[in-house]
Structure formats: structure tokens, C-alpha cells
Amino acid sequence: MENSTIYVRERGNLRRVSGIVLAQPKPVSSCRRTNPLVLRKEHFIFTYNAEGSLRYTTKSLFDITLLFVADNIHHVDSLVGFPEQIGDRLFAAAEENRAFLNADISPKALRLFSDAYGEMVLGSLCLRNRFPLLHERMDEIKTFHSLKSLDLFGCRLGDDHEIFLHLTSSSLASSLIQLFIGGNCLSDAGLQRLTAPVRIMRKGLDCLQFLDVSYNPISERALRYLTCLPKLEKLDASGTGLKLGTRLKTIMQDLLGLTYSEKPLETFDHTRCKTEGWAEQVVNQWETNGSQMSKQKKIDESRTSALRFFGRQKFVRDVLNASPLVCENEEEAKRERLHFCRPAATGHVPEKQTASTTNHQAKPSWHNFKKRQRQSERCDSSHQSPPAKRLSSSAFTAEDVELLNSY
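Residues numbered from 1 in each chain as written. Predicted model: local features only at pLDDT ≥ 70, side-chain atom pairs only at ≥ 80, totals over all residues. Heavy atoms only, no water.

K.L.:
Which residues make up helix α3 (residues 106-117), and what are the values?
P.N.:
Between its first and last C-alpha, α3 extends 16 Å over twelve residues, near the 16 Å set by a 1.5 Å rise per residue. All buried positions along α3 are accounted for by Ser106, Pro107, Ala109, Leu110, Leu112, Phe113, Ser114 and Tyr117. In the core, the buried residues of α3 are packed alongside α2 (84-96), α5 (138-141) and α10 (280-288). Phi turns positive, to about 55°, at Gly118, one or two residues after α3. (Helix = DSSP H or I, 4+ residues; strand = E, 2+ residues; numbered from the N terminus. Expected span 1.5 Å × (residues − 1). Buried < 20%, exposed > 50% of the residue type's maximum accessible area, 1.4 Å probe, protein only. Contact = heavy atoms within 4.5 Å.)

K.L.:
Quick rundown of the packing of aromatic side chains? Include the residues and the values.
P.N.:
Overall, the coordinates contain eight aromatic pairs when judged by the stated rule. An angle of 80° between the planes, with centres 5.0 Å apart, marks the rings of Phe91 and Phe113 as edge-to-face. With a gap of 22 residues between them, Phe91 in helix α2 and Phe113 in helix α3 connect regions that are remote in the sequence. Taking the centre distance of 6.5 Å and the plane angle of 85° together, the rings of Phe153 and Tyr215 count as edge-to-face. Remark: Tyr215 occurs in the loop between β8 (210-212) and β9 (234-236) and Phe153 occurs in the loop between β6 (149-151) and α6 (163-167); sequence separation between them is 62 residues. (Phe/Tyr/Trp six-rings, centres within 6.5 Å; stacked < 30°, edge-to-face > 60°.)

K.L.:
Let's hear about the pattern of salt bridges: which residues, and what values?
P.N.:
Scanning all chains against the criterion turns up eight salt bridges. Here Glu119 and Lys148 are joined by a salt bridge, their closest N and O atoms 3.3 Å apart. Highlighted residues: Glu119 in the loop between α3 and β5 (124-126) and Lys148 in the loop between α5 and β6, separated in sequence by 29 residues. The partly exposed category is assigned to Lys148, whose relative accessible area is 39%. Between Glu162 and Lys142 there is a salt bridge, and its shortest N-O distance comes to 3.5 Å. Remark: Lys142 occurs in the loop between α5 and β6 and Glu162 occurs in the loop between β6 and α6; sequence separation between them is 20 residues. Residue Glu162 is classed as partly exposed on the basis of its relative accessible area of 38%. (Salt bridge = Lys/Arg side-chain N within 4 Å of Asp/Glu carboxyl O.)

K.L.:
Outline the sheet that holds strand β10 (residues 259-260), listing residues and values.
P.N.:
Taken in spatial order, the seven strands of this open sheet run β5-β6-β7-β8-β9-β11-β10, and their pairing is mixed. Bordering the open sheet on either side are β5 and β10, each of which pairs with just one other strand. (Pairing = 2+ DSSP bridges.)

K.L.:
Requested: an account of the side chain of Ser238, with residues and values cited.
P.N.:
In this structure, Ser238 sits in the loop between β9 and α9 (246-255). Judged by relative accessible area, which is 4%, Ser238 ranks as buried. There is a polar contact of 2.8 Å between the side chain of Ser238 and the backbone nitrogen of Leu338. Other than its neighbours up to four places away in sequence, Ser238 contacts Ser214, Tyr215, Glu336, Arg337, Leu338 and His339. (Polar contact = N/O pair within 3.5 Å; in protein donor to acceptor, adjacent residues only side chain to side chain.)

K.L.:
Describe unusual backbone geometry, and please don't skip the residues or the numbers.
P.N.:
One non-glycine residue with positive phi stands out, namely Arg202, at about 55°. Taking the relative accessible area as the measure of exposure, Arg202 reaches 55% and is therefore exposed. Phi at Leu205 is positive, roughly 55°, even though this residue is not glycine. Within the secondary structure, Leu205 is located in the loop between α8 (188-201) and β8. Residue Leu205 is classed as buried on the basis of its relative accessible area of 3%.

K.L.:
Outline the packing of α2 against α3, listing residues and values.
P.N.:
At their nearest, the axes of α2 and α3 sit 11 Å apart, and the two run at 160° to each other. When the axes of α2 and α3 are compared, the pair comes out roughly antiparallel. Judged by the twist between their axes, the crossing of α2 over α3 is left-handed. Here Glu84, Gly87, Leu90 and Phe91 of α2 lie close against α3, whose contacting residues are Leu110, Phe113 and Tyr117. (Axes fitted to C-alpha atoms, helices over the stretch in contact; angles between N-to-C directions. Parallel < 35°, antiparallel > 145°, perpendicular 65-115°, else oblique. Left-handed = near helix turned anticlockwise from the far one by under 90°.)

K.L.:
Please give an account of the pairing of strand β1 (residues 6-10) that cites residues and values.
P.N.:
With five bridges connecting them, β1 and strand β2 (residues 13-17) associate as antiparallel partners. Each bridged residue has a counterpart across the sheet, and for Val8 the counterpart in β2 is Arg15. Adjacent in sequence and paired antiparallel, β1 and β2 are bridged by two residues, among which Arg11 carries a positive phi angle near 55°.

K.L.:
An account of the side chain of His161 is needed here, citing residue identities and associated values.
P.N.:
Structurally, His161 can be placed in the loop between β6 and α6. Within polar-contact distance, the side chain of His161 engages the side chain of His135 at 3.4 Å. At 3.0 Å, the side chain of His161 forms a polar contact with the backbone nitrogen of Ile163. For His161, the contacting residues outside a window of four places in its chain are Leu134, His135 and Met138.

K.L.:
Help me get a handle on empty space enclosed by the protein, residues and values and all.
P.N.:
Overall, the coordinates contain one cavity of 30 Å³ or more when judged by the stated rule. Sorting elements by how many residues they give to the lining of the largest cavity places α8 first, with three residues. Of the residues contributing to the lining of the largest cavity, the split by class is nine nonpolar, one polar and no charged. (1 Å grid on protein atoms, 1.4 Å probe; cavity = no way out; pocket = protein on both sides within 12 Å on 5 of 7 lines; lining within 4 Å. Points joined across faces, edges and corners; volume = space filled by probe spheres on them. Nonpolar A, V, L, I, M, F, W, Y, C, P; charged D, E, K, R; others polar.)

These figures capture arrangement, not role.
Following this line, the structure appears as C-alpha cells:
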């Protein structure tokens, strides 16, 4: 097979394939499945009967083909349309073949399965306090575009991390429901940068319902950046610069429509957060595998040199050395717990009515902007001028325009 010519029949036509180097299967002893597919060059399975005699049977054509495709998974263009039962077995065979541990093949292979099977590959990902894994496998993590829950607590993201662009990408817009970014030294500027694509370009985080920004040095000023999340229902702001009081409750109600929860919300109980999907064992193998440590060390050294060249060494050192903010004891955790949730559905209509009857001084500037927008729409309807142009000139603050120009 190594030196022979390969022919492929497609749509009734026979053509010769050139430039493809087929891989040879590698025997591996471990697999996450109950009945692992043993990769071997022979097409026979040797067993013993009840009398102790050796017997052998041939493998099915399906198993032979499945192992052949798993060995050459990097040559597959698409799996869209294949049944999920076949996809599950093919993923197990590729995992057995250690294809997802190869940094050159892994991103393409995972994207291949994610495009075809979505959340079945990985529906929930927990990287809580697993900072090295996030930075070492960033390319692979970006291929999971059907995540419903993502836990990045304590991953030292800082205010400017490349994962921000993935969180607000169109691929996660319709799937991500829970996001935990607490304990990441995220300030007001970082939250502004994270939500900039949502506020300016109206894309990303369309379905986000639960957000955890706890133990980050954010203030009340950062809350206005969360007004762009239309479906936000629960918010954890424990351990931040926010202080519980009448003022904070009023701001939360006026801005986000959230009320303070006297009872801790089970959503932010991280004991239930875990990685779920076909790639669960793959993520664990990434963490336990030490073959990439030397390569990652070289990458870190090159990044440090580049950042030193641009004069940001002290900033990066502070971010990397900063440990996640945690409470010292349970009593302090209960005292600083700030959980907010959206009240019953009946609370939406009074909120809109209150927005139209309250005076301007008691309302923040963004509520005045909504009222000015309604007035401008009425005036523009008589003049037949497009309101979109007027909206674009008044919706962006000076900070948003400066941030937009930085992209």
C-alpha cells in the first residue's frame, strides 16, 4: 500500500489520488470505551473457545474501514451527514490512535467532529484554575463552538486575552448559556473590551443567561457594559468592588432588571460544573500528557521576549503571578456573596413603564439615550430620515470609539 497507486470511485467515476501519504496504525493499549477497537495491521481477531483452543475470525469490513479512516483522519474533509453512531465510534478510534494529542492534527480533527456533531463532541468545558491547559491548547479549545457552559475561573485572563474574541464570536453566539470568568484580575477595562463586539457590532453572547464575574476588581461603572446582554438572568458579583446596599440594588434593577437574591443561587455552585461530551477524556489527556511541556516552555519564552520588547514585561508578570481571589473562610464567603437574578416574567412590563415615567435626574445616561432614541424615531418618521445613522452617532461613547479603533 505504501508504494502502490490509490484509486477512488466518486459519483461513478474512477480517479487516481496523488499526493496523499497514508498513515500506518499504531497499537495502543488504553481506550475510554468498554469494547475498545484494538488497532493492529492484521485483519483477524484471535480468541479462545470453551475448550481452550485458539480460534480466529476476520474483522468486519466496517471495522477495517473505520480504523483506516481513523489513521488518516487529517485527510477527511467533512463528516456532515454521517450518523452520530458512526461519528461516536470514529471519534473513539481516533482517540485510541492518539490523534488528538498530536498538535499538528488535533485542531483540524476536532473541528471536523465539532462541525458535524456540535455539542455531542463537547457541550460543557470546565477549565477552573487550569491555566496551563488553557494556554497550551488554545487552538483546540477554539474548535468547540457548541459549548453551553464554559468555566474559566482562575485562568489568569487579565484585561486583554485572545480568548475574548472567541467568547464573542458568532460560533458561540447561539449556544453559550453559562460563562464563568471569576478570579481573573478582570477590571472595568477588561469587561469593556470583552463586551465591545456585542455593544458595537451587535454580535456574540446572544443566549448568555448566567454570568460569573466574582473576585474581579470591577466597580459599578462596569455594570453598564453588561446591558448589551439581552437574556442575562443571573449574575454573580461576589468579592468585587461592589458593595451591597440600596444604591447597588437600584442600579441593578434599573440597568439589568436584576434583583438581589437572599438565597445563594445553585447556578454558581461550581461543584456541578464539569466537562461533558465525547472529548471529555481528551481534555484529561491533555492535562496529564507531559510531552508538550518542553514545546510550551519555548513558546512562553518567545512570548516573554516579545512582550519585553514592547515594554509590557511588568504588566504580564503581575497578571501571571496573580493568584485568583478567594475567600478565607465560609463566613466571609457568605457575607460577600452577591447573587442577582431576574424576577418573575411579570416584572418586565413595569420596568418599561417605569423607564418612561421616571425623571431624567434619577436615571442614568443610557436610559436618557433610550428615551432620546424613541423621540428621534418619532421625529424622523415625519421627516423620513433613517434612524440608523443617528443611532450610530449617539450610541458610541468616546471610550467605545477608541476601543473600536484599536481593533
